[in-house]
Amino acid sequence: MLAGHETTANMLALGTFALLENPEQLAELRAHSELLPDATEELLRYLSIGDIFYRYATEDIELGGETIGKGSTVVVSLLAANHDPKRFDNPDTLDIHRKARGHLSFGHGVHQCLGQQLARIEMRAGFEGLLRRFPTMRLAVSASEVKLKTDMNIYGVHALLVTWV
Ligand code: HEM
């Protein structure tokens, strides 16, 4: 439930919020669904809904001039990596044209997300259907009233009230 549902459900809701807050990019995406694969990668990078992961050093490691001792716990922020200006220009800006593949939202290494291809398909299909079937969708409350999941492991919105005519 956590790995396969919380993640994609929150990406869809938070991603919709992010797009509603960027109406020009939303309109472009609605008109050009072929942009969805890149837009999905960018939303994954930009939103980084799973942030903190842990690793344990199995041996002494030299990194960035520091020694991480064998047995130490390393706290890794995927959000910080995905917003690293050395890797992505203007990282705090959503840009559906960005080639964001290579982001770390699905982790890295042997434990990289097992469901990432399914997640990509779910998001492309979800956003495509939502944009096509609800062309006049907009927020029903002001953006500042949307309650964000700052109190949860996986980031997202507690609810996203929308309306359409
Ligand atoms: C947007 C959706 C998703 C995101 C952002 C996401 C993110 C992640 C991340 C960051 C990890 C940890 C990788 C690591 O430790 O290096 C992970 C692992 C995992 N994910 Fe996902 N995930 C998503 C969707 C899914 C789905 C749909 C499934 C299954 C249907 C899934 C199944 C798993 C499993 C089984 C692991 C553990 C892999 C292992 O430890 O070897 N995930 N995911």
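Each remark here, short or long, concerns the structure printed above.
Structure report, in brief. (Residues numbered from 1 in each chain as written. Predicted model: local features only at pLDDT ≥ 70, side-chain atom pairs only at ≥ 80, totals over all residues.)

Moving on, we come to the nonpolar core. Counting residues in hydrophobic clusters, the biggest one holds 17 residues, and the most contacted among them are M11, L14, L29, A39, L43 and L47. Every element with two or more residues in this core is listed here: α1 (2-20), α2 (23-31), α3 (36-47) and α5 (116-133). It is α3 that provides the largest number of residues to this core, a total of six residues. Setting aside its immediate chain neighbours within four residues, A39 contacts L29 and I96. (Core = buried A, V, L, I, M, F, W, Y, C linked by C-beta atoms within 7 Å. Buried ≥ 20, exposed ≤ 12 C-beta atoms within 10 Å, placed from the backbone. Helix = DSSP H or I, 4+ residues; strand = E, 2+ residues; numbered from the N terminus. Contact = placed C-beta atoms within 7 Å.)

A few words now on the site of the ligand. Looking at the ligand, there are 20 residues lining it, with G4, T7, G107, C113 and G115 nearest. Among the elements that take part in the shell around the ligand, α1 stands out by supplying five residues, more than any other. Partitioning the shell around the ligand into residue classes produces nine nonpolar, 11 polar and no charged. (Near = placed C-beta within 6 Å. Nonpolar A, V, L, I, M, F, W, Y, C, P; charged D, E, K, R; others polar.)

Turning next to the packing of α3 against α5. Where α3 contacts α5, the two axes come as close as 10 Å, and the packing angle between them is 110°. As the angle between them shows, α3 and α5 are arranged roughly perpendicular. When you trace α3 past α5, the crossing you get is right-handed. Where α3 abuts α5, its residues L36, P37 and T40 lie against R120, M123, R124, F127 and E128. Tallied by class, residues from the contact of α3 with α5 come to four nonpolar, one polar and three charged. (Axes fitted to C-alpha atoms, helices over the stretch in contact; angles between N-to-C directions. Parallel < 35°, antiparallel > 145°, perpendicular 65-115°, else oblique. Left-handed = near helix turned anticlockwise from the far one by under 90°.)

Tracing the chain through its elements places G129 in helix α5. Judged by the 10 C-beta atoms lying within 10 Å of it, G129 is exposed. Placed 96 residues apart in sequence, G129 and S33 show a C-alpha to C-alpha distance of 10.0 Å.

What follows deals with the environment of G102. Tracing the chain through its elements places G102 in the loop between α4 (78-82) and α5. The class for G102 is exposed, based on 11 C-beta atoms found within 10 Å. With 61 residues separating them along the chain, G102 and E41 place their C-alpha atoms 8.9 Å apart.

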